[in-house]
Amino acid sequence: MRLHRILFPVFLFLGVSASPAGMLSSSAEQPAWDAFNQSGPPAETVRYLPGSNPLHELDLYPASSRFTKNGGQPPVLILIHGGGWGGGTREALAPHARYFAALGWECVNISYRLTNAPGVTLMNAQEDVRAAFDWVRAEAGKRGWDATHLVALGESAGGQLACALGILPPDPKRSRAHSLVLINPVLDLTKLSWALNQPGLREAGAFNDASAKEHPARLVSPVFNLNAECPPVLLVHGRDDSVVPFSQAEAFAARAKQVNANVSLVPLEKTNHAFLLREYGSPDVMRSTLKQIAEYLGPH
């Protein structure tokens, strides 16, 4: 799908931030932006579940030594790529991992099973994200990471999957991140025909008002599962998104007010889907958005 030109980010916060936003100085941000634009392999690739499936792997991008040289424990940022659950690779978020690693985050860029494989459902992808999170939590003490500060960043379908870490059933408390960063995420699958065609959802039959409460699309839609106990959320969405309508972000923010959940919505004017990816985004929008995320998460 051809995306429109992406222009003019406008930031508007609705709700309360997860932590006081701190201004990121140019001297601190420039090395991060340089790292975003560089290339290079991760420091380590690990299989987070036993077996031979290469989609159960993750890449590690260590926090810059200037933040850890005095023995500090870096917080962890888990990155979850998009691609409609049936495509995409973790390499799409490798530049973003390098960016936040340069700012002091231990970055964990994960893969998960895709629904284009026989027998794989969207729910299996959620299970994989939770398994990767469990691996990070179990490894944190051994590797010197801050196990109390695990954040998940998800883009598009990866945004929906990030919500498996604290919002979605069956047990959102089991794998709860400190906070979530959602970039043009799918938040209501019941209103997206292409999402309802995912394996595990289409088999449930016709979706209508009578069957709404029983349909699995509601169980995997973050908007229906948001409550005051969920982790704080930073939600960034383009107003001109032609893949996941901006109305989904608006509905999510409205729901947050109703249930007293901690959600900050950042709408981007004249911006379409996938604006944070190199293939589609403009450098100015990508950089300003990454800086805004870094300021929201706070200094480390």
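The following paragraphs examine the structure supplied in this document. Given the structure is predicted, the values throughout are model-derived calculations rather than measurements.

Turning our attention to the overall build of the protein. The helix and strand inventory of the protein stands at 9 helices and 8 strands. Going through the 300 residues of the protein one by one, you find that 56% of them count as buried. Across the protein, the fraction of contacts at a sequence separation of at least 24, relative to all contacts at a separation of at least 6, is 77%. Approximately 12,500 Å² of the protein is accessible, and the part contributed by carbon and sulfur atoms is 53%.

Here we come to the packing of aromatic side chains. Evaluation of the coordinates by the stated rule reveals 4 aromatic pairs. Seen in terms of ring centroids, Trp 33 and Phe 36 are 4.9 Å apart; in terms of plane orientation they differ by 10°. Their pairing is stacked. In this pair, Trp 33 and Phe 36 are both assigned in helix H1 (residues 26-37), 3 residues apart and thus about one turn of the helix distant. Comparing Trp 33 with Phe 36 shows no difference in burial state: the two are buried.

The end-to-end C-alpha separation of helix H9 (residues 283-297) is 21 Å, in line with the 21 Å expected for 15 residues at 1.5 Å each. Taken as a whole, H9 has its buried residues at Val 285, Met 286, Thr 289, Leu 290, Gln 292, Ile 293, Ala 294, Glu 295, Tyr 296 and Leu 297. Buried residues along H9 sit against H1, helix H3 (94-101), strand E5 (150-155), strand E6 (179-183), strand E7 (233-238) and strand E8 (263-268). Remark: Gly 298 follows H9 within two positions and exhibits a positive phi of approximately 95°.

Glancing now at the pairing of strand E3 (residues 76-80). For E3, the buried fraction is high: 5 of the 5 residues fall into the buried class. The two faces of E3 match: Val 76, Ile 78 and Ile 80 on one face and Leu 77 and Leu 79 on the other face are all buried. Bridge analysis of E3 against strand E4 (residues 106-110) gives 5 bridges, and the strand direction is parallel. Residue pairing in the sheet places Leu 77 in a bridge with Cys 107 of E4. Bridge count for E3 against E5 is 5 bridges, and the pairing is parallel.

The omega torsion of the bond from Pro 169 to Pro 170 falls at 15°, within 30 degrees of zero and hence cis. Examined against the element boundaries, Pro 170 turns out to sit in the loop between helix H5 (157-162) and E6. Although it is not a glycine, Asn 184 adopts a positive phi angle of roughly 35°. The buried category is assigned to Asn 184, whose relative accessible area is 0%. Backbone geometry at Ala 274 places phi at a positive 60°, although glycine is not the residue there.

Moving on, we get to the packing of H1 against H3. One can describe the packing of H1 onto H3 by two numbers: an axis separation of 7 Å at closest approach and a directional angle of 155°. Viewed along their axes, H1 and H3 adopt a mutual orientation that is roughly antiparallel. By crossing handedness, the relation of H1 to H3 is classed as right-handed. Contacts between H1 and H3 involve Glu 29, Ala 32, Trp 33, Ala 35 and Phe 36 from the first element and Pro 95, His 96, Arg 98 and Tyr 99 from the second. Its residues assigned to classes, the contact of H1 with H3 comprises 6 nonpolar, 1 polar and 2 charged.

Read from one edge to the other, the open sheet built from 8 strands follows the order E1-E2-E4-E3-E5-E6-E7-E8, with strand pairing classed as mixed. Each edge of the open sheet carries a strand with a single partner, namely strand E1 (44-47) and E8. Geometrically, the sheet is characterised by an average inter-axis angle of 20° between neighbouring strands, direction not taken into account.

This part is about H3. With 8 of its 8 residues buried, H3 lies for the most part within the structure. The complete set of buried residues in H3 reads Ala 94, Pro 95, His 96, Ala 97, Arg 98, Tyr 99, Phe 100 and Ala 101. Buried residues belonging to H3 abut H1, strand E2 (57-61), E3, E4, E5 and H9.

According to the stated counting rule, one finds 15 salt bridges in the structure shown. Residues Asp 59 and Arg 90 are paired through a salt bridge, measuring 2.8 Å at the closest nitrogen-oxygen approach. Linking Asp 59 in strand E2 with Arg 90 in the loop between E3 and H3, this pair joins segments that are 31 residues apart in sequence. For Asp 59, a relative accessible area of 5% corresponds to the buried category.

Reading the values: rules and limits
- Per chain, residue numbering runs from 1 following the sequence as it is written.
- Note on the predicted model: pLDDT of at least 70 is required for a residue's local features to be given, and 80 or more for side-chain atom pairs to be given and counted; whole-chain, interface and lining totals, by contrast, use all residues.
- Computation of side-chain values covers all heavy atoms of the structure but excludes hydrogens and water.
- Secondary structure elements are taken from DSSP: a helix is a run of H or I of four residues or more, a strand is a run of E of two residues or more, and numbering for both begins at the N terminus.
- The rule is simple: take the accessible area with a 1.4 Å probe, protein chains only, and divide by the maximum for that residue type; under 20% is buried, over 50% is exposed, in between is partly exposed.
- Contacts between residues were defined by any pair of non-hydrogen atoms, one from each residue, lying within 4.5 Å.
- All accessible-area figures derive from a Shrake-Rupley calculation using a 1.4 Å probe, and residue coverage is judged against the displayed protein chains alone.
- For this analysis, a ring pair means two rings from Phe, Tyr or Trp (six-membered ring only for Trp) whose centres lie within 6.5 Å, classed as stacked if their planes differ by under 30 degrees, edge-to-face if by over 60, and tilted for the remaining angles.
- One less than the residue count of a helix, multiplied by 1.5 Å, gives the span that helix is expected to have.
- Paired strands, as defined in this entry, are two strands with at least two bridges between them according to DSSP.
- Helix axes are fitted only over the stretch in contact, all axes being lines through C-alpha atoms; the angle between N-to-C directions runs from 0 to 180 degrees.
- Any angle that falls under 35 degrees is termed roughly parallel, while one over 145 is termed roughly antiparallel, one within 65 to 115 roughly perpendicular, and all others oblique.
- Here is the rule for handedness: rotate from the far helix to the near one, and if that takes an anticlockwise turn smaller than a right angle the crossing is left-handed, while a clockwise turn gives right-handed.
- Gly is placed with the polar residues, together with every amino acid not listed as nonpolar (Ala, Val, Leu, Ile, Met, Phe, Trp, Tyr, Cys and Pro) or charged (Asp, Glu, Lys and Arg).
- Any Lys or Arg side-chain nitrogen located within 4 Å of an Asp or Glu carboxyl oxygen qualifies as a salt bridge.

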